[in-house]
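What the coordinates show
Here is what each chain is made of, one letter per residue.
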Amino acid sequence: MLRRRTLLAGLTGLASAVTSPAHARSHATLHVRPGDSLQAAVDAVDGPGRTVVVHPGTYREAVVVPPDKAELTIRGACRDPRAAVLVLDRANGTPKPDGSGTYGTAGSATFTSAAPGLTVRDLTLANDWLRADHPDITGTQAVAAYVTGDRTHFENVRLLAHQDTLFADTTALDAFDRQYFHRCYIEGDVDFVFGRGRSVFDACHFHTLRRDVDFTPKGMVFAPATARADPYGFLALRGRITSGAEDGAYKIARPWVPSYETTAWPSLVVRDTWIGPGIDAAGPYTNMRDAYPWQTMRFREYRNTGPGAVVTVPENRPQLTAEEAATHTRQTYLGDWRPYGRP
């Protein structure tokens, strides 16, 4: 139960922080309060450019935003993302109540969206499923958010889970959907930022959890599965990586080459980021499968700092040149879409 108490810490007293809706009630703005269903509000959205305001409280449900809810904004009623929490507890291996099998990794997600132009801000999205509570389940991936769709923007969002916290993917194998995460907090243990998306993580905080197992590495922050045809995958810049585990217990990344897309060529650039001692500085990358060694992938770093960024074995930490770094920016990854304002 410690995990669940931690997830919801800070909610007490925050409900009084918002005494009136941020916008007057109108056909373009829907309000969700404790006891209401966020999914019902999403279902009621009747056109592009609508806003759903989520008031302080805990909402225990799964929410799916379909592709036809374009340009939707879902935001907390106040700027503290701890105030409004969407949370569920189910995993890949959790049996469906109708007996039709298990949910699978994508199906385990608390929040799912395929809508183009989605904005989510000032919220917590969490999956508080715990391995220790379900020793009989081997499919332990439990996703907080599964997002596809071009021009997805997360601003000041907390994403909390253990394995596979954030599934940043695309709507199709040949789609280069763009995603922008700004000032987000993302925590987990195994592959907790993964997928095929062209995703920029700007000024985000990644936190690796303590894990009581007797092997290392305890986990990895990133597991990109970038399509070979896409010149850009995951870009993390101006952020930080901290840890609740012992020094050197975690890797920055390992490549994910899915069985349904064996031509994937995972891409990850981590630049201008503070990396704490929880990352194994001597060997920050590892393989998911020996058939796809990380050395053959597009893994690069640039101007990182901190004890976990020290280059002790150069061949284990490929670095961009200054000229190469100029091609790995918010502008190059996101093109004519600029959710961050002026470059």
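Residues numbered from 1 in each chain as written. Predicted model: local features only at pLDDT ≥ 70, side-chain atom pairs only at ≥ 80, totals over all residues. Heavy atoms only, no water.

If you check an unreviewed UniProt entry, the chain appears there as Pectinesterase from Streptomyces asoensis. In the Sequence similarities (unreviewed entry) part of its UniProt record, the chain is described as follows: "Belongs to the pectinesterase family." (UniProt positions renumbered as here; feature names shortened; annotations may be inferred.)

Regarding the pairing of strand β6 (residues 84–88)
Counting buried positions over the five residues of β6 gives five, a clear majority of the element. Bridge analysis of β6 against strand β9 (residues 124–127) gives four bridges, and the strand direction is parallel. Its bridge partner lying in β9, Val 85 is registered against Thr 124. (Buried < 20%, exposed > 50% of the residue type's maximum accessible area, 1.4 Å probe, protein only. Helix = DSSP H or I, 4+ residues; strand = E, 2+ residues; numbered from the N terminus. Pairing = 2+ DSSP bridges.)

Quick look at the pattern of salt bridges
Throughout the structure, instances matching the rule amount to 22 salt bridges. A salt bridge links Arg 60 to Asp 89; the shortest N-O distance between them is 3.7 Å. One end of the pair, Arg 60, is in strand β3 (residues 57–60); the other, Asp 89, is in the loop between β6 and α3 (104–107), and 29 residues separate them in sequence. Overall, Arg 60 belongs to the partly exposed group, its relative accessible area being 42%. By relative accessible area, which is 31% here, Asp 89 ends up partly exposed. (Salt bridge = Lys/Arg side-chain N within 4 Å of Asp/Glu carboxyl O.)

Points about the nonpolar core
In terms of nonpolar packing, the biggest core is built from 57 residues, with Ile 74, Phe 111, Phe 154, Leu 166, Phe 201, Phe 206 and Phe 222 touching the most fellow members. Ranked by size, the runner-up nonpolar core spans 13 residues in total, among them Val 200, Val 269, Leu 320 and Ala 325. (Core = buried A, V, L, I, M, F, W, Y, C linked by side-chain atoms within 4.5 Å.)

Here's the deal with the side chain of Arg 317
Take Arg 317: it is sitting in the loop between β25 (298–302) and α4 (322–325). For Arg 317, a relative accessible area of 1% translates into the label buried. One polar contact links Arg 317 to Glu 301, side chain to side chain, over a distance of 2.9 Å. With residues up to four places along the chain from it excluded, the contact list for Arg 317 reads Ile 252, Ile 275, Ala 281, Pro 284, Glu 301, Gly 308, Ala 309, Val 310 and Val 311. (Polar contact = N/O pair within 3.5 Å; in protein donor to acceptor, adjacent residues only side chain to side chain. Contact = heavy atoms within 4.5 Å.)

As for unusual backbone geometry
With omega at 0°, the peptide bond leading from Thr 216 into Pro 217 counts as cis. Even without a glycine there, the phi angle at Asp 191 is positive, about 50°. Within the secondary structure, Asp 191 sits in the loop between β15 (185–188) and β16 (193–195). With a phi close to 55°, Arg 238 is a non-glycine residue in the positive phi region. Examined against the element boundaries, Arg 238 turns out to sit in the loop between β20 (234–237) and β21 (240–243). On the basis of relative accessibility, which here comes to 47%, the residue Arg 238 falls in the partly exposed class.

Things to note about the environment of Thr 273
Secondary-structure assignment places Thr 273 in the loop between β23 (267–271) and β24 (274–275). With 50 residues separating them along the chain, Thr 273 and Ala 223 place their C-alpha atoms 18 Å apart. Setting aside its immediate chain neighbours within four residues, Thr 273 contacts Ala 236, Leu 237, Arg 238, Gly 239, Arg 240, Ile 241, Arg 303, Asn 304 and Thr 305.

Structural notes on the side chain of Thr 148
Examined against the element boundaries, Thr 148 turns out to sit in the loop between β10 (145–147) and β11 (152–155). Looking at Thr 148, the relative accessible area reads 6%, which means it is buried. In this structure Thr 148 touches Ser 113, Ala 114, Ala 115, Asp 169, Thr 170, Thr 171, Asp 177 and Gln 179, once residues within four positions along its chain are discounted.

A short note on the sheet that holds strand β5 (residues 73–76)
The ten strands are arranged β1-β2-β5-β8-β11-β14-β17-β20-β23-β25 in an open sheet whose pairing can be described as parallel. What marks the edges here is a single partner per strand, and that holds for β1 (29–32) and β25. The sheet shows a mean angle of 10° between the axes of neighbouring strands, taken without regard to direction. Pairing between strand β2 (residues 51–54) and β5: four bridges, direction parallel. In the sheet register, Val 53 faces β5, and the bridge partner there is Arg 75. (Axes fitted to C-alpha atoms, helices over the stretch in contact; angles between N-to-C directions.)

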